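# Commentary on secondary and tertiary structure
Given next are the chains, with one letter for each unit.
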Amino acid sequence: LRNLKSVAPDTRTFPDFDNKLRDAFRTETEMFVSEIIQNDHSVLDLLTADWTYVNDRLASHYGIPNIYGTHFRRVDQVDEARRGLLGQGSVLTVTSYPNRTSPVLRGKWVMENIIGTPAPAPPPNVPDLKENLGSDVMSIRQRLELHRQDPVCSSCHSLLDPLGFALENFDAIGRYRTKEEGGLVNSSGQLGDGRYIDGVGDLRIALLSKPENFV
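Our subject in this report is the structure included herewith. (Residues numbered from 1 in each chain as written. Predicted model: local features only at pLDDT ≥ 70, side-chain atom pairs only at ≥ 80, totals over all residues. Heavy atoms only, no water.)

### Description of the side chain of Thr-95
Mapped onto the elements of the fold, Thr-95 is located in the loop between helix 4 (89-94) and helix 5 (103-115). Its relative accessible area of 6% is what places Thr-95 among the buried residues. Of note is the side chain of Thr-95, whose polar atom sits 2.7 Å from the backbone oxygen of Val-91. Reaching out from Thr-95, the side chain makes a polar contact with the backbone oxygen of Leu-92 at a distance of 3.4 Å. (Helix = DSSP H or I, 4+ residues; strand = E, 2+ residues; numbered from the N terminus. Buried < 20%, exposed > 50% of the residue type's maximum accessible area, 1.4 Å probe, protein only. Polar contact = N/O pair within 3.5 Å; in protein donor to acceptor, adjacent residues only side chain to side chain.)

Right, dumping it as C-alpha coordinates:
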(Lines give C-alpha, C1' and ligand atoms only; values in the text may rest on other atoms or scores of the structure.)
Protein backbone atom coordinates (compact mmCIF):
# COMPACT_ATOMS: atom_id res chain seq x y z
CA LEU A 1 0.00 0.00 0.00
CA ARG A 2 2.97 2.36 0.47
CA ASN A 3 3.16 2.61 -3.34
CA LEU A 4 -0.53 3.32 -3.86
CA LYS A 5 -0.20 7.09 -3.37
CA SER A 6 2.29 7.36 -6.23
CA VAL A 7 0.41 5.16 -8.71
CA ALA A 8 -0.80 7.17 -11.70
CA PRO A 9 -2.98 5.14 -14.11
CA ASP A 10 -3.22 6.67 -17.58
CA THR A 11 -6.31 8.90 -17.62
CA ARG A 12 -7.00 8.26 -21.29
CA THR A 13 -7.00 4.50 -20.78
CA PHE A 14 -8.70 4.61 -17.38
CA PRO A 15 -10.83 7.78 -17.18
CA ASP A 16 -12.78 6.33 -14.22
CA PHE A 17 -9.74 6.35 -11.92
CA ASP A 18 -9.49 9.21 -9.44
CA ASN A 19 -8.23 9.94 -5.93
CA LYS A 20 -11.52 8.81 -4.37
CA LEU A 21 -11.02 5.37 -5.88
CA ARG A 22 -7.37 5.35 -4.81
CA ASP A 23 -8.43 6.16 -1.22
CA ALA A 24 -11.15 3.50 -1.35
CA PHE A 25 -8.60 0.87 -2.41
CA ARG A 26 -6.43 1.71 0.59
CA THR A 27 -9.33 1.80 3.06
CA GLU A 28 -10.66 -1.57 1.87
CA THR A 29 -7.36 -3.35 2.41
CA GLU A 30 -6.63 -1.64 5.73
CA MET A 31 -10.07 -2.52 7.13
CA PHE A 32 -9.88 -6.05 5.72
CA VAL A 33 -6.50 -6.80 7.29
CA SER A 34 -7.47 -5.10 10.56
CA GLU A 35 -10.56 -7.32 10.82
CA ILE A 36 -8.44 -10.45 10.42
CA ILE A 37 -5.87 -9.35 13.00
CA GLN A 38 -8.21 -7.89 15.61
CA ASN A 39 -10.67 -10.80 15.48
CA ASP A 40 -8.02 -13.51 15.33
CA HIS A 41 -9.09 -15.01 12.02
CA SER A 42 -7.03 -17.70 10.33
CA VAL A 43 -4.17 -16.12 8.40
CA LEU A 44 -5.43 -18.11 5.39
CA ASP A 45 -8.45 -15.80 5.32
CA LEU A 46 -6.11 -13.27 3.72
CA LEU A 47 -6.45 -15.48 0.63
CA THR A 48 -9.90 -16.99 1.01
CA ALA A 49 -12.23 -14.53 2.78
CA ASP A 50 -15.58 -14.20 0.98
CA TRP A 51 -16.20 -10.78 2.53
CA THR A 52 -14.62 -7.34 2.32
CA TYR A 53 -15.29 -3.67 3.05
CA VAL A 54 -16.64 -1.26 0.42
CA ASN A 55 -18.35 2.09 0.03
CA ASP A 56 -20.53 3.09 -2.91
CA ARG A 57 -17.57 4.14 -5.08
CA LEU A 58 -15.70 0.88 -4.62
CA ALA A 59 -18.82 -1.29 -4.85
CA SER A 60 -19.64 0.29 -8.21
CA HIS A 61 -16.08 -0.38 -9.39
CA TYR A 62 -16.37 -4.02 -8.34
CA GLY A 63 -19.89 -4.47 -9.66
CA ILE A 64 -21.44 -5.04 -6.22
CA PRO A 65 -25.05 -3.80 -6.27
CA ASN A 66 -27.17 -1.97 -3.70
CA ILE A 67 -24.40 -0.17 -1.82
CA TYR A 68 -25.12 3.50 -1.12
CA GLY A 69 -23.16 6.19 0.68
CA THR A 70 -19.52 7.03 1.23
CA HIS A 71 -19.13 5.12 4.51
CA PHE A 72 -17.49 1.71 4.40
CA ARG A 73 -19.38 -1.36 5.46
CA ARG A 74 -18.69 -5.09 5.42
CA VAL A 75 -20.24 -7.04 2.56
CA ASP A 76 -20.44 -10.83 2.61
CA GLN A 77 -20.42 -13.36 -0.21
CA VAL A 78 -18.23 -11.40 -2.59
CA ASP A 79 -17.71 -12.92 -6.02
CA GLU A 80 -15.29 -15.86 -5.99
CA ALA A 81 -12.73 -13.98 -8.10
CA ARG A 82 -12.64 -11.14 -5.54
CA ARG A 83 -11.94 -13.22 -2.46
CA GLY A 84 -8.99 -12.25 -0.31
CA LEU A 85 -6.11 -9.97 -1.20
CA LEU A 86 -5.74 -11.34 -4.74
CA GLY A 87 -9.01 -9.68 -5.77
CA GLN A 88 -8.46 -6.28 -4.17
CA GLY A 89 -7.94 -3.19 -6.29
CA SER A 90 -5.05 -1.94 -4.16
CA VAL A 91 -2.83 -4.93 -4.88
CA LEU A 92 -3.91 -5.20 -8.52
CA THR A 93 -3.24 -1.52 -9.23
CA VAL A 94 0.19 -1.23 -7.61
CA THR A 95 1.32 -4.32 -9.56
CA SER A 96 0.35 -2.80 -12.93
CA TYR A 97 1.78 -0.20 -15.27
CA PRO A 98 -0.08 3.07 -15.92
CA ASN A 99 -1.61 1.84 -19.17
CA ARG A 100 -1.76 -1.94 -18.81
CA THR A 101 -1.47 -4.93 -16.53
CA SER A 102 1.86 -6.59 -15.82
CA PRO A 103 1.83 -10.36 -15.32
CA VAL A 104 5.51 -10.05 -14.41
CA LEU A 105 4.97 -7.53 -11.59
CA ARG A 106 1.95 -9.44 -10.32
CA GLY A 107 3.78 -12.75 -10.49
CA LYS A 108 6.71 -11.24 -8.61
CA TRP A 109 4.34 -9.89 -5.95
CA VAL A 110 2.74 -13.32 -5.46
CA MET A 111 6.13 -15.04 -5.26
CA GLU A 112 7.54 -12.64 -2.69
CA ASN A 113 4.50 -11.77 -0.58
CA ILE A 114 2.34 -14.91 -0.76
CA ILE A 115 4.75 -17.79 -1.38
CA GLY A 116 7.70 -16.18 0.41
CA THR A 117 10.17 -16.92 -2.39
CA PRO A 118 12.22 -13.98 -3.70
CA ALA A 119 11.97 -13.65 -7.46
CA PRO A 120 15.22 -14.08 -9.42
CA ALA A 121 16.98 -10.82 -10.26
CA PRO A 122 16.56 -9.84 -13.92
CA PRO A 123 19.66 -10.15 -16.11
CA PRO A 124 21.30 -6.88 -17.22
CA ASN A 125 20.17 -5.03 -20.34
CA VAL A 126 16.79 -6.72 -20.64
CA PRO A 127 14.76 -4.92 -23.33
CA ASP A 128 11.36 -3.48 -22.45
CA LEU A 129 8.22 -5.26 -23.57
CA LYS A 130 7.16 -3.96 -26.97
CA GLU A 131 4.08 -1.75 -26.85
CA ASN A 132 1.26 -2.00 -29.39
CA LEU A 133 1.65 0.47 -32.24
CA GLY A 134 -0.78 1.15 -35.05
CA SER A 135 -3.05 -1.69 -36.14
CA ASP A 136 -0.69 -4.49 -35.09
CA VAL A 137 -2.36 -5.22 -31.74
CA MET A 138 -1.12 -8.11 -29.59
CA SER A 139 -2.22 -9.21 -26.16
CA ILE A 140 0.11 -9.01 -23.17
CA ARG A 141 0.52 -12.79 -23.39
CA GLN A 142 1.59 -12.63 -27.03
CA ARG A 143 4.10 -9.88 -26.31
CA LEU A 144 5.55 -11.79 -23.37
CA GLU A 145 5.85 -14.92 -25.52
CA LEU A 146 8.06 -12.98 -27.92
CA HIS A 147 10.05 -11.68 -24.95
CA ARG A 148 10.55 -15.20 -23.64
CA GLN A 149 12.12 -16.39 -26.88
CA ASP A 150 15.38 -15.11 -25.43
CA PRO A 151 16.64 -18.06 -23.30
CA VAL A 152 18.12 -15.62 -20.78
CA CYS A 153 14.65 -14.18 -20.17
CA SER A 154 12.78 -17.47 -20.33
CA SER A 155 14.10 -19.02 -17.11
CA CYS A 156 12.70 -16.27 -14.88
CA HIS A 157 9.52 -15.68 -16.82
CA SER A 158 8.55 -19.36 -16.66
CA LEU A 159 8.22 -18.87 -12.88
CA LEU A 160 6.68 -15.39 -12.79
CA ASP A 161 4.34 -15.26 -15.76
CA PRO A 162 1.91 -18.12 -14.91
CA LEU A 163 1.24 -16.55 -11.49
CA GLY A 164 0.58 -13.18 -13.09
CA PHE A 165 -1.47 -14.54 -15.99
CA ALA A 166 -3.86 -16.06 -13.44
CA LEU A 167 -4.78 -12.47 -12.46
CA GLU A 168 -5.24 -11.19 -16.02
CA ASN A 169 -9.03 -11.08 -15.68
CA PHE A 170 -8.38 -7.93 -13.63
CA ASP A 171 -7.31 -4.86 -15.57
CA ALA A 172 -4.70 -2.34 -14.41
CA ILE A 173 -7.12 -0.69 -11.94
CA GLY A 174 -8.65 -3.93 -10.70
CA ARG A 175 -11.84 -4.09 -12.77
CA TYR A 176 -12.95 -7.56 -13.79
CA ARG A 177 -12.88 -8.20 -17.53
CA THR A 178 -13.10 -10.99 -20.08
CA LYS A 179 -11.58 -9.07 -23.01
CA GLU A 180 -8.33 -7.17 -23.37
CA GLU A 181 -6.49 -5.35 -26.11
CA GLY A 182 -5.78 -8.03 -28.68
CA GLY A 183 -8.65 -10.41 -27.88
CA LEU A 184 -10.14 -12.49 -25.08
CA VAL A 185 -8.30 -12.71 -21.78
CA ASN A 186 -6.30 -15.91 -21.41
CA SER A 187 -5.60 -16.48 -17.72
CA SER A 188 -4.16 -19.99 -18.01
CA GLY A 189 -0.63 -21.16 -17.31
CA GLN A 190 1.58 -23.91 -15.98
CA LEU A 191 3.14 -23.45 -12.55
CA GLY A 192 6.68 -24.44 -11.67
CA ASP A 193 5.46 -27.72 -10.16
CA GLY A 194 3.80 -28.69 -13.46
CA ARG A 195 0.25 -27.88 -12.38
CA TYR A 196 -2.01 -26.21 -14.94
CA ILE A 197 -4.21 -23.40 -13.69
CA ASP A 198 -6.73 -21.08 -15.30
CA GLY A 199 -7.66 -17.93 -13.43
CA VAL A 200 -7.44 -16.56 -9.94
CA GLY A 201 -9.64 -19.31 -8.47
CA ASP A 202 -7.25 -22.02 -9.61
CA LEU A 203 -4.28 -19.97 -8.41
CA ARG A 204 -5.85 -19.67 -4.97
CA ILE A 205 -6.45 -23.45 -4.84
CA ALA A 206 -2.84 -24.09 -5.84
CA LEU A 207 -1.53 -21.75 -3.15
CA LEU A 208 -3.73 -23.38 -0.52
CA SER A 209 -2.53 -26.86 -1.48
CA LYS A 210 0.68 -25.95 0.40
CA PRO A 211 -0.64 -23.60 3.07
CA GLU A 212 2.53 -23.80 5.13
CA ASN A 213 4.34 -21.74 2.48
CA PHE A 214 1.93 -18.85 2.91
CA VAL A 215 1.62 -19.21 6.69
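And the narrative resumes.
### Side note on the packing of aromatic side chains
With the rule as written, the count across this model stands at four aromatic pairs. Seen in terms of ring centroids, Phe-17 and Phe-25 are 6.4 Å apart; in terms of plane orientation they differ by 45°. Their pairing is tilted. Where Phe-32 meets Trp-51, the ring centres are 5.0 Å apart and the plane angle is 50°; that geometry is what we call tilted. With Phe-32 in helix 1 (residues 19-38) and Trp-51 in strand 1 (residues 51-54), the pair connects residues that are 19 residues apart, well separated along the chain. Of the two residues, Phe-32 and Trp-51, neither departs from the other in class, the shared state being buried. Counting every residue linked through ring pairs, the aromatic cluster contains Phe-32, Trp-51 and Tyr-53. One residue, Arg-74, lies across the ring of Trp-51, its end atom 4.3 Å from the ring centre. (Phe/Tyr/Trp six-rings, centres within 6.5 Å; stacked < 30°, edge-to-face > 60°. Lys NZ or Arg CZ within 6 Å of the ring centre and 35° of its normal.)

### Considerations on the nonpolar core
If you look at the biggest cluster of nonpolar residues, it comprises 29 residues, and the most contacted ones within it are Phe-32, Leu-86, Val-110, Ile-114, Leu-167, Leu-203 and Leu-207. Leu-4, Ala-24, Leu-58 and Ile-67 belong to the second largest nonpolar core, which has 15 residues in total. (Core = buried A, V, L, I, M, F, W, Y, C linked by side-chain atoms within 4.5 Å.)

### Describing helix 5
An α-helix turns once per 3.6 residues; consequently, residues spaced three or four apart project the same way. Among the residues making up helix 5, those that are buried are Pro-103, Arg-106, Gly-107, Trp-109, Val-110, Met-111 and Ile-114. Taken from the residues just after helix 5, Gly-116 is the one with a positive phi, measuring 80°.

### Describing the pairing of strand 1
Because side chains alternate across strand 1, one face comprises the buried residues Trp-51 and Tyr-53, and the other comprises Thr-52 and Val-54, equally buried. Sheet topology places strand 1 next to strand 2 (residues 73-76); four bridges connect them, and they run antiparallel. Within strand 2, the position partnered with Thr-52 by the bridge is Val-75. (Pairing = 2+ DSSP bridges.)

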